[in-house]
Amino acid sequence: MNLSNKAAFELGRSLATSLHISGGNNPVIRGGILMARNDILDTITKSETRWELRRGFDSTMDVLEPLQQGALRTV
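Residues numbered from 1 in each chain as written. Predicted model: local features only at pLDDT ≥ 70, side-chain atom pairs only at ≥ 80, totals over all residues. Heavy atoms only, no water.

In terms of regular secondary structure, the chain is built from three helices and zero strands. Helices and strands in the chain line up, N terminus first, as α-α-α. The burial tally for the chain puts 25% of its 75 residues in the buried class. In the chain, the share of contacts with a sequence separation of at least 24, taken over all contacts with a separation of at least 6, comes to 65%. (Helix = DSSP H or I, 4+ residues; strand = E, 2+ residues; numbered from the N terminus. Buried < 20%, exposed > 50% of the residue type's maximum accessible area, 1.4 Å probe, protein only. Contact = heavy atoms within 4.5 Å.)

Moving on, we come to helix 1 (residues 5-23). If you check helix 1, its first and last C-alpha atoms are 26 Å apart, about what 19 residues at 1.5 Å a residue would give, namely 27 Å. Buried within helix 1 are the following residues: A8, F9, G12, L15, A16, L19 and G23. What you see down the axis of helix 1 is that its buried residues fit within an arc of 120°, all on one side. Helix 1 presents K6 and I21 as exposed residues on the side facing more than 90 degrees away from its buried surface. Taken together, the buried residues of helix 1 touch helix 2 (27-43) and helix 3 (47-64). Once helix 1 finishes, G24 follows within two positions and takes phi at roughly 45°, a positive value. (Expected span 1.5 Å × (residues − 1). Arc of directions from axis to C-beta.)

Put into structure tokens, the structure is as follows:
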């Protein structure tokens, strides 16, 4: 799949927003959206474009669903 880096970034943001809004606490819907994201990543030929999609997705998820107390929490 050929996308511009900007389009890939925006697609990543859109997928993250859909995951947050539609997925909610439903693991089936969340899994479906993540599978779709992975399938899209697999079809993108340029590594820079794949990186931009991941960057858009990850940065949006960091805002919408921030980790509590960091990724590695020791008790």
